[in-house]
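Coordinates in review
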Amino acid sequence: MTVPTNPSPDLATPSATASAPLLTSTSSRLTQVLGIGWAISVVLVVCAAFWWSEPDATQGELVRLFYLHVPLAILEYVPFLLCGIGSVLFLWKRSEWGDLMAHAGAEVGVVMCALTLVTGAVWGRPTWGTYWDWSDVRLVTTLILCLLFVGYLALRRVPGDPTTRAKQAAIVALVALIDIPLINRSVEWWENRTLHQKGTIAQGKIEDINAFATLLGFIMVGLGIAFLMTHRFRIAWLERQVDRVGLDDAIAHRRAEAATGVDASVGRTPEEGGQQ
Amino acid sequence: MSGDEALDLTPRAPRSGGRRWVSIGIVAAVLAIIVVVMVKLLGDATLFVYEADAAVEKRTELGDDRFRLIGSPLEGTIVESQDQGQTVVAFSVVFEGVTADVVHIGDPPQLFQPGVPVFLEGRWTPGLPDGSDGFVEGANDGFYFASDTLRVKHDSDYRNDNEERISEAESGGEQ
Amino acid sequence: MSYVIAGWVIGLSALGAYAFALLARGRRLSRLVAPDRQRWSTTRADTPTGR
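What you are looking at is a predicted structure, and each value in this text was computed from that prediction instead of being measured. (Residues numbered from 1 in each chain as written. Chains lettered and ligands numbered in written order. Predicted model: local features only at pLDDT ≥ 70, side-chain atom pairs only at ≥ 80, totals over all residues. Heavy atoms only, no water.)

So, about the packing of aromatic side chains. Applying the stated rule across the entire model yields 17 aromatic pairs over all chains. With 5.9 Å between their ring centres and 85° between their planes, Trp124(B) and Phe145(B) make a pair best called edge-to-face. Note that Trp124(B) is positioned in strand β6 (residues 118-126) and Phe145(B) in strand β7 (residues 143-152), a separation of 21 residues in sequence. As far as burial versus exposure is concerned, Trp124(B) and Phe145(B) are alike and both buried. Taken together through their ring pairs, the aromatic side chains of Phe48(B), Tyr50(B), Phe67(B), Trp124(B) and Phe145(B) make up a single cluster. In this structure, Lys93(A) packs its charged tip against the face of Trp92(A), placed 4.6 Å from the ring centre. (Phe/Tyr/Trp six-rings, centres within 6.5 Å; stacked < 30°, edge-to-face > 60°. Helix = DSSP H or I, 4+ residues; strand = E, 2+ residues; numbered from the N terminus. Buried < 20%, exposed > 50% of the residue type's maximum accessible area, 1.4 Å probe, protein only. Lys NZ or Arg CZ within 6 Å of the ring centre and 35° of its normal.)

Structure (structure tokens):
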């Protein structure tokens, strides 16, 4: 295999990193604002959930978990949809940013989806009488969505050609996204096979202070997703840079070998060395 | 550098297969779990579901088949007792004006209350439960639904306790 | 009420733990990459990097 080489590795040299203490994170003014906003919204939503809002006429105190579970359950789609958009951009335009966004969206989405399932299970035990119900279509399709994206993340860790791997991952992401409308419509299509109620939010069936607490829940989870997505995207970007530096290093190594005729890594000529 | 255009970049040693196989194993495990989950979902989907009115109408046809019954517990019918260390709940459910009597063995969920729909799993049983003289304000039609699974399905309306009390007061405490 | 508290504690602590894990991962990785490749940084111009 032969490729033209590119002499400018982006690795921060030890001297550069030593003199750049301020540049050792994925934080920026944007993420600082998002982080502070997120922290404030957490405090507000906890106050609204536990002190400002009223118990529900049917559910009583259990409704207080609604303000966390429902925003998580609805907004978990956002990182997955960003993953889908990124995947389309990669498949269509070979966009590197799209691929990185897809990777970031899948990971943040899996965290949100897992938390949706866990908080839902904790709510389900006293409300429905069980942590889990295999016949509830919404529950099971949400679990499948989570598992599909866990598979997506595992696929991205399989060593191999990055472009082929990104292409395979993008296709898996787009197939997995078919599950989202299924989850959303399951309470309508299988009404007698789901313990979940029909859309409370969409039909405006929550009012006053409880609606305000729900709104705060959505703001809190939304800011959290924005904060996590931004950091995760930057991590994906940094990982790509590190990979590139590794490749550039290897090329520089081979170039040195080609110039001297000696396998620099083991100190012998290729004729003497054979396989490493 | 003159040799750059044709630099040999052929890998000299095969990559370590360990990480590849671990990753492929994880992908395979995830696929296997998805298949198991689908089988569980489809397996549960084979259980027929009937609202109380349809279940009563098809009682002969259903025989002692296991099915899922849907209805709302009626006010004043719920009687809880203990039998050999187990909670036994006798009550009646209604759907479209048709009442069916139920005996459920096991602790009911916290949200179990009159007017909030329930999903029950079990089968029709002729006669009355042992030691029972009949269901309080129930159908008492010679059959009861023996249930071992009770799930509460709450509706999509969320109203706080105070609002409920105010609206009850406004309607003259009719409810 | 114990279920409600458990749900909130699990939810918020998992989100917090994930956020801190991301920050730590970002910090570790950004030491390996040249500052001029970290476009989000606003302190780039003030920092002597030798480049």
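Once that is clear, we can look at the side chain of His104(B). All names here are of chain B. With respect to the secondary-structure elements, histidine 104 resides in strand β5 (residues 98-105). For histidine 104, a relative accessible area of 3% puts it in the buried group. There is a polar contact of 2.9 Å between the side chain of histidine 104 and the side chain of serine 147. (Polar contact = N/O pair within 3.5 Å; in protein donor to acceptor, adjacent residues only side chain to side chain.)

On to the nonpolar core. Membership of the largest hydrophobic core comes to 46 residues, with the highest contact counts inside it found for Trp38(A), Tyr67(A), Met112(A), Met220(A), Val221(A), Leu228(A) and Trp8(C). Elements supplying a minimum of two residues to this core: α2 (29-52), α3 (66-75), α5 (96-127) and α9 (208-260) of chain A together with α1 (2-30) of chain C. With 14 residues, the single largest contributor to this core is α9(A). Dropping the residues within four chain positions of it, Tyr67(A) is found in contact with Val45(A), Ala49(A), Ser53(A), Glu54(A), Asn210(A), Ala213(A), Thr214(A), Gly217(A) and Trp8(C). Membership of the second largest hydrophobic core comes to 32 residues, among which are Leu143(A), Ala154(A), Ala173(A) and Leu177(A). (Core = buried A, V, L, I, M, F, W, Y, C linked by side-chain atoms within 4.5 Å. Contact = heavy atoms within 4.5 Å.)

Moving on, we come to the pairing of β7(B). Residues and elements named next belong to chain B. Counting buried residues along β7, seven of its ten residues qualify, which places the element largely inside the surrounding structure. Note: β5 against β7, three bridges, orientation parallel. What sits directly across from valine 102, in β7, is phenylalanine 145. With nine bridges joining them, β6 and β7 adopt antiparallel strand pairing. By the bridge assignment for β7, leucine 120 is matched with leucine 150. (Pairing = 2+ DSSP bridges.)

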